Amino acid sequence: GGGGGGGGGGDGMAGDGHPGCRSIPLLEEEFARHPSVRVLRASWHPNSDGHLCVLLSDGTLHVFDAAAGPPAEQAFRLDPWGRGPTPGPYPLRPEVVDFVFAPPHGWGALSLVLLGREGDVYTMCPFAPWGARFPRVTLESLVPPDTQSELWLAGTFPTVHINGSGGGGRDRDVNESGGDRRRRRRRRG
């Protein structure tokens, strides 16, 4: 049975027999080191059973597996001009202030759309949490635009035949992920 007070044992039940709720602190050390950093957006990844993507005001995106808790599985410095891979405590120019998952068609299934403070729009592609699930037909229909993308697809989804070359079983979904390649798009004014 559950322990006394507000929390239960491993059964998810509160001491009074009602379903309990467990909270897990994320980014505690980050907020302690940099008190001015704040969360701009947190959103569950649509192709994962439990990955939370968190955008911070310091220009970093953290991807957490809810089942595993901290630390983040992946962290990206959202720097459209490629000024370095290490997350830092200072806002980037242009600042990335929001994100949304792209429509799940073609490369959109592996893309994150980023909005800059000045209205710039960027696409981070490929992007996927580790263990995310994608329809095999979507992955097999992708045509890599360059060698880096081809290598990422082959390493991330080794059972998928690139360029829709067919074969290799017909599983409904393919499981795995990772990635960090960015393309920049400017807003037309």
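Conventions we followed
- Residues numbered from 1 in each chain as written.
- Predicted model: local features only at pLDDT ≥ 70, side-chain atom pairs only at ≥ 80, totals over all residues.
- Heavy atoms only, no water.
- Pairing = 2+ DSSP bridges.
- Helix = DSSP H or I, 4+ residues; strand = E, 2+ residues; numbered from the N terminus.
- Axes fitted to C-alpha atoms, helices over the stretch in contact; angles between N-to-C directions.
- Buried < 20%, exposed > 50% of the residue type's maximum accessible area, 1.4 Å probe, protein only.
- Arc of directions from axis to C-beta.
- Polar contact = N/O pair within 3.5 Å; in protein donor to acceptor, adjacent residues only side chain to side chain.
- Contact = heavy atoms within 4.5 Å.
- Phe/Tyr/Trp six-rings, centres within 6.5 Å; stacked < 30°, edge-to-face > 60°.

### So, the sheet that holds strand E2 (residues 51-56)
An order of E1-E2-E3-E4 is seen for the four strands of this open sheet, with the pairing classed as antiparallel. The strands lining the two open edges of the sheet, one partner per strand, are strand E1 (39-44) and strand E4 (74-77). Neighbouring strand axes in the sheet, compared pairwise and without regard to direction, differ in orientation by 15° on average. Bridge count between E2 and strand E3 (residues 60-65): five bridges; the pairing is antiparallel. Looking at E3, one finds that His51 is bridged to Asp65.

### Comments concerning helix H3 (residues 147-156)
Every buried residue of H3 is accounted for by Ser149, Trp152, Leu153 and Thr156. Buried residues in H3, looked at end-on, bunch into an arc of 95°, giving them a common side. Pointing more than 90 degrees away from the buried face of H3 are the exposed residues Thr147, Leu151 and Gly155. With a side-chain oxygen lying 3.3 Å from the backbone nitrogen of Gln148, the N-terminal cap of H3 falls on Asp146.

### Considerations on the environment of Arg41
Counting through the fold element by element, Arg41 comes out in strand E1. Leave out the neighbours within four places in its chain, and Arg41 touches Cys53, Val54, Leu55, Asp98 and Phe99. A polar contact of 2.4 Å, which involves the side chain of Arg41, links it to the side chain of Asp98. Engagement of the side chain of Arg41 in a polar contact is seen with the backbone oxygen of Phe99, the distance being 3.4 Å.

### Regarding the packing of aromatic side chains
In total, this model carries four aromatic pairs according to the counting rule given. Considering the side-chain rings of Trp152 and Phe157, the 5.8 Å spacing of their centres and the 75° angle between planes classify their relative orientation as edge-to-face. Here Trp152 matches Phe157 in class, with each residue buried.

### Comments concerning the pairing of strand E6 (residues 112-116)
Alternating residues of E6 divide into Leu112, Leu114 and Gly116, all buried, and Val113 and Leu115, none buried. With five bridges connecting them, strand E5 (residues 96-101) and E6 associate as antiparallel partners. Counterpart to Phe99 in the pairing with E6 is Leu114. Pairing of E6 with strand E7 (residues 121-124), which is carried by four bridges, proceeds in the antiparallel orientation. If you follow Val113 over to E7, its bridge partner there is Thr123.

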